[in-house]
Structure formats: structure tokens, C-alpha cells
Amino acid sequence: MTGPILCLERIKVTYDGMLVLDASFFEVHEGQTLAVIGPNGAGKSTLLRLLGFLERPTEGRVLFRGQPVSSCGNLLTVRRRMASVFQEPLLTDGTVEGNVALGLRLRRVDSTEVSRRVQESMAMLGIGHLATRRTRTLSGGEAQRVSLARALVLDPEVFLLDEPFAALDPPTREGLLLDLKAILDKRRISTIFVTHDRNEALALGDRVAVMIGGRVLQVDTPERVFAEPINEEVARFVGIETILRGHVQSVSQGLATVEVPGWTLEVAGPLTPGERVLVCLRPEEITLFPRGAVLSTSSARNQLCGRVIRHLPAGPTYQVTIDCGVLIVATVTRQSWEQLGLQDGAEVIAAFKATAPHVIHCV
Amino acid sequence: MELIWQGITQAVLLLVHGDPEVLRIMLLSLQISGIATLLSLLIGIPIGTILALSRFPGRGIAISLVNTGMGLPPVVVGLFVSIFLWRSGPLGFLELLYTPTAMILAQLVIAAPVVTGLTVAAIQQLNPRLRMQLVGLGASRLQVVYLLLKEARLPLLAALMAGFGAVISEIGASMMVGGNIYRQTRVLTTATVLETSRGNFDMAIALSLLLLLLTFGVNVTLTWIQQRGRTP
């Protein structure tokens, strides 16, 4: 990977005096897909528009290949080296073919070249058979494929995607996501992909940026962001349901004893006695056993007794909340739920390994 | 009732035999209102586009003024255009009063706010994100405007129909600035009034039927163009 293709410096964006984006420094690396995730209203789309030079910041500047971009100079030239796809396909009235050709015609590309590239792009997105169809007769998935083909036909240096799958049904979304991933893996276009869906970010992102409240809180590989969030806000957003406040009592041979309300936990990791920490546990790291089961202490050093207070269906699993004095959330397959004879009110043991928790050091 | 029936019969005969006077009046009406509508498009579409797409202080007031102008009474327009073109008026030196040009000017004042207001509405009914999408695909400012107008072409045709409808059917302004002069400024509406006042109901009915046919014909053509684009 080479240097940054886009860089934000000391950026602030305010709408009617309200700060919606505050990014002191942010880079997008060439050839990588950067997934920007965060809850609604986090400022993700504003960030994307700034990176695409579709909006001007209130303060700070955006650099393209190290150079500032000005509205009276190279703005149009730089914009023409990029392409955007939004949540709505936003196709113009006319045929699919005409829409895919739109960006090339705006650039006054030779008509033979337009025809060749349009055919190629439509074939890549699997919409060749729709070439002469009117855009208003397309389904949501087909329309979004046209929108992607219209952007990719431009062979952009920067590809901006703002929640392109948000309005699609799950099977359509999955199909399109797989196709897009294959295209991005093959062409290595520098891509910024905004989504509120963690799974989409995991599937597409080479790096993931987590935005909350207008600030970029963490930028890292997907594995690190999801396994090692830097603070409680990020942890909650990336799906860590159980976050226990505690302090380190002692450390011995890389194993720390951490006091949390009502329990003493054993946690692996570089910790210092006396420091305050957040112990983060992903639901899938916790195993449930019926009360009275005999467990080996070597595999699951932490065993907390409690009572199931609720269970929510989540696809093929249940998300089970256990009151152990502290609330712990675990994931259990429907099959295990039945086999263990679990129900709301049942007494259980929530067990997890010392290496399972991610520990956040409190400042 | 008999009077009406007799009038209609004679009117049809007048039309079928192609009465030269009736045809002259019809062509002049079409010419004056057609030119006024075309000019109103040249003025109204750019102004409407700017009002719909730009943000500037006083924009809201400007749109309100345009919307008010859409209901401008033709008599009031006739009065002020007459004052301006009067021999001692600010534009009196042009000697345009009681000429077809004066009628075109008056009709332009009536049609331009209609076209402007409907252009604003036509562009504003487009998805506001479309503009950003076009910019995101590399469209220049002029290309964005062109593409948005192209997307709004169906409601813009409605603006054209409304503009033409407003001027072909008005009488107050044409009468005041044109004077209903025989073979010079006599149009379908003013001639209908004159023939009615003379008691020539057959001629009046013929003229009004022609006015209806003309309006219908123009609107059918424009509607056909408009709806042709809607067929999947």
C-alpha cells in the first residue's frame, strides 16, 4: 500500500452553529477500502461528502494526493477522478444503458469508448440484460446495481459509497455485497464505504473507522476494531454487550485479578495493580451451563452464577441476559437453549476464559 | 336555447368555409400568445432555476413575489403596460401602444411569473439528493442545471401549457394595450367580446369555439409529448 490519497486536516463542520463533524486528522490510503461505521447522526455521510469534495468544511482543509483543492481551480478535475454511490440509486429518467454512460458523457468521452466501457461495466455488475430497460421499471436491487455500474464505469481513483445497501432486502443485499467485494478486491480502488451495519464493514473494509458524535474515535483493521475497541462507546457500537467496571487487585504471571461488583475475575493481559479498567465481553465468548454443572477450571477460569432474566431471538441464536449482580449478555444457539432446558428465571453459570475479555484502561 | 343552437350551426359553417377574417384573427392570436409564451420561457426558466437551486438573502420573498405574480389580474397588467407605453409614459417614445408588440409585452408580463413559479416547483419536486449525485458523477455546474431541467421536463411542459393557457384566454390586457383594432390587434378574445356586444352571436360563438379548439389542440399536443415519456 502507498501513501494517503485523501487527508483531512483540522476539520470542523457546523450546521446552524451545531458541530456535526470534528476531525483533527484523518487519512484514506490508496488502494484500500475504508469502512466508516457509526450510529445514525454520527457524521459519517458528512465525512464522505467532505472526502468527495461535495461539501466544504466550516474549518480545516481536505487534501487530494497531498494537494489542496479549491473551488476556482482544480475542483471539477478532482471530482472527475472520483465517483459516488448513495443509499438511493438516484437514476435519471431513461434507459439503464444511458444511465451507466452518464458520467462518461459528462466527461465528453468518445462514443465508441463509451459504448465499450458501458457494456463492460454492465457485464461486471450482471445487468447486461437490462441495457434497454427504463430505469423506473427496475427493482431496488437492479437500480442499485445500475448505480454501482454508473460509478465504476468511470474507473475512479476514489470510490465513495454512502450506505448503498441500506434500502435493500437481506438476500439482495448479500448478493450485491459479494459482487462488490469481488470487484473491489480485483480492482483495488481506494474506497470509502459508509455503513451503520457492522457485518458490511467487516465484509468489505481493509480498515474500519468508528465514528460517534461527529468524531472519529478509532481507525484500525476490522479485527482490531471489533476485538479491541479503544473505549466504551466504540465497544458498545461494535457489539460488546457486557462491559464491567472494575479495578485490578493483583497481577501474577500475566494473569490479573480484577474486582467487579460482586465478583472477582481472572483476566489475562498486561495490567497494573490498582488501575481502573473496563472488562469487555463479547456475547459469543460466554458459555452458559445449568446451575450445579461441574466445570473444569482450566478452560473457563471465570464462572459467575446468575439467573436468566430475558432471551431475545437473534436469527439462529438467542441473546440471553443473565443477572449475576452485574448484567451479562451471552449468545446461545436455539439447540443449546433447548438442550440445557433454559428459560427465563432459570439459574445458570456464565463461564468465560481469562483470555476472553478485552480490557480497556480507564484514564 | 334556439339562439345558441342557431349560433353554433352558423359558427360551424363559418369555420368549415374558412372565413378569412376568422382565420386572420386566429393566426394573430396564435402568433401573439405563442411569442409571449416563448419569451416567458426564456425568462421564466432561468429565473425559476436560479430561485430553485440557489440560496441567497431574500430568496423566500422573491419566490413569494413570483407566486403572487402567477395570479396577476390581466386588467392590472394592461393598465400598467398602457401607462408605460402611453405617449407621455416612460416608454412612449417606442410608439408601441395599440400594436401586436404591446400585446406581446403585456402577455409576457402575465405568463412569465406563471412559468417562473412552475419552474421553481418543477425543480423542487426532484429528489434533492439527485443534484449531489450528479456532482458526484463529475457534472459541472452547467451540466447539473441541464440535467436537472431535463429530469423536470414533464412538469416544465405543464408550465408551458399553463403559461400559454393564461395568455391565450386573457382579454383585459389585450383590449387595453392592443385596442382591438380591426386587422391589426384584433384577437380571438377581444373579437368575441366585440361580436357579442354587437349581437352577432354566430360570429361570437364561432370565435369562442375556435379559441377552445386552439387551446385544446395546443394542450393535447403538449400533453401527448409529456405523457409519451411516462410510458414504461
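The structure displayed is predicted, hence computed values, not measured ones.

### A short note on unusual backbone geometry
Located in the positive-phi region is D16(A), a residue other than glycine, with phi close to 50 degrees. The phi dihedral of E95(B) is positive, around 50 degrees, even though this residue is not glycine. For E95(B), a count of 12 C-beta atoms within 10 Å gives the class exposed.

### Quick word on the sheet that holds strand β19 (residues 347-352) of chain A
Within a sheet, each strand pairs with its neighbour through backbone hydrogen bonds, oriented either parallel or antiparallel. Residue and element names in this part refer to chain A. Within the open sheet, the five strands sit side by side as β15-β19-β16-β17-β18. Their pairing is antiparallel. Of all the strands in the sheet, the pair left with one neighbour each is β15 (287-290) and β18 (327-333). Strand-to-strand twist in this sheet, taken as the mean axis angle between neighbours without regard to direction, amounts to 45 degrees. The pairing of strand β16 (residues 302-314) with β19 spans six bridges and is classified as antiparallel. Paired with Q303 across the two strands is A351, which belongs to β19.

### Looking at the interface of chain B and chain A
By convention, interface size is frequently given as the accessible area that disappears when the constituent parts associate. Facing the 15 residues of chain B at the interface are 21 residues of chain A. Elements represented by at least two residues in the side of chain B that touches chain A include exactly α6 (128-136) and α7 (141-151) of chain B. Here the element with the most residues in the side of chain B that touches chain A is α6(B); it accounts for six residues. Here the side of chain B that touches chain A is built from residues that sort into seven nonpolar, six polar and two charged.

### Details of the sheet that holds strand β12 (residues 255-260) of chain A
Residues and elements named next belong to chain A. Here five strands make up an open sheet; going across it, the order is β13-β12-β11-β14-β20 and the pairing antiparallel. The two strands at the open ends of the sheet, each matched to only one other strand, are β13 (263-268) and β20 (358-361). The mean angle between the axes of side-by-side strands here comes to 40 degrees, regardless of whether they run parallel or antiparallel. In the sheet, β12 pairs with β13 via six bridges, with the strands oriented antiparallel.

### Things to note about the domain arrangement of chain A
Annotation of chain A at the domain level lists domain 1 (4-237) and domain 2 (242-361). For domain 1 of chain A and domain 2 of chain A, the distance between their C-alpha centres works out to 39 Å.

### Some thoughts on the packing of helix α3 (residues 59-69) of chain B against helix α5 (residues 100-124) of chain B
Residues and elements named next belong to chain B. At a minimum axis distance of 8 Å, the contact between α3 and α5 shows a crossing angle of 130 degrees. By the angle between their directions, the pair α3 and α5 is classed as oblique. In this structure, α3 crosses over α5, and the sense of that crossing is left-handed. Residues I63, V66, N67 and G69 of α3 pack against P113, T116, G117 and V120 of α5.

### Section: the pairing of β12(A)
Residues and elements named next belong to chain A. Because side chains alternate across β12, one face comprises the buried residues A256, V258 and V260, and the other comprises L255, T257 and E259, none of which is buried. In this structure, strand β11 (residues 242-252) lies alongside β12, joined through five bridges in antiparallel fashion. Its bridge partner being in β12, V248 is matched across the sheet by V258. Connecting β12 to the next strand, β13, in antiparallel fashion are two residues, including G262 with a positive phi near 90 degrees.

### Observations regarding the packing of helix α4 (residues 74-85) of chain B against α5(B)
Residues and elements named next belong to chain B. At a minimum axis separation of 9 Å, α4 and α5 run at an interaxial angle of 135 degrees. For the element pair α4 / α5, the angle class is oblique. You can see that α4 and α5 cross each other, and the crossing is right-handed. On α5, the residues that touch P74, V77, G78, V81 and L85 of α4 are A102, L105, A106, V109 and I110. Looking at the contact of α4 with α5 residue by residue, the classes come out as nine nonpolar, one polar and no charged.

### Structural notes on the pairing of strand β8 (residues 190-195) of chain A
Residue and element names in this part refer to chain A. Within β8, six of the six residues are buried, leaving the element largely enclosed by the surrounding structure. Side-chain alternation along β8 places S190, I192 and V194 on one buried face and T191, F193 and T195 on a second face that is also buried. The pairing of strand β3 (residues 33-37) with β8 spans five bridges and is parallel. Note on β8: the bridge partner recorded for A35 is F193. By the bridge criterion, five bridges tie strand β7 (residues 158-162) to β8 in an arrangement that is parallel. Pairing of L160 across the sheet is with I192, part of β8. For the segment spanning β7, helix α6 (residues 170-187) and β8, crossover handedness is right-handed.

### Notes on α4(B)
Residues and elements named next belong to chain B. Along its twelve residues, α4 runs 16 Å from first to last C-alpha, staying within 8% of the 16 Å computed at 1.5 Å per residue. Turning to α4, its buried residues are P74, V77, G78, V81 and L85. The buried residues of α4 occupy an angular sector of 100 degrees when projected down its axis, which confines them to one face. If you follow the buried residues of α4, they end up packed against α5 and α9 (172-178).

Here is what the cut-offs are and how they apply
Sequence order sets the numbering: in each chain, residues are counted from 1 along the sequence as written. In the order they appear in the text, chains get letters beginning with A and ligands get numbers beginning with 1. Reporting in this predicted model follows two pLDDT cut-offs: at least 70 for local features of residues, and 80 or more for side-chain atom pairs to be given and counted; totals over whole chains, interfaces and linings ignore these cut-offs and use all residues. Counting other C-beta atoms within 10 Å of a residue's own tells you its class, since 20 or more makes it buried, 12 or fewer makes it exposed, and anything in between is partly exposed; those C-beta atoms are placed from the backbone. We call two strands paired when DSSP finds no fewer than two bridges between them. Comment: elements are numbered from the N terminus, with helices defined as DSSP H or I runs of at least four residues and strands as E runs of at least two. The angle between two axes is taken between their N-to-C directions and runs from 0 to 180 degrees, where each axis is a line fitted to C-alpha atoms and a helix contributes only its stretch in contact. Note that contacts rest on C-beta atoms placed from the backbone: two residues are in contact if these are within 7 Å. For this scheme, ten residues count as nonpolar: Ala, Val, Leu, Ile, Met, Phe, Trp, Tyr, Cys and Pro. Four count as charged, namely Asp, Glu, Lys and Arg, and the remainder, Gly too, count as polar. The split of the chain into domains comes from an automatic or database domain assignment. An angle below 35 degrees is read as roughly parallel, one above 145 as roughly antiparallel, one from 65 to 115 as roughly perpendicular, and any other as oblique. Each crossing gets its hand from how the near helix is turned against the far one by less than a right angle, where anticlockwise is left-handed and clockwise is right-handed. If you view a crossover with the strands going away from you and the path from the first strand over the helix to the second runs clockwise, you call it right-handed. Helix span is expected to be 1.5 Å times the residue number reduced by one. As used here, the arc belongs to the directions running from the helix axis to the C-beta atoms.

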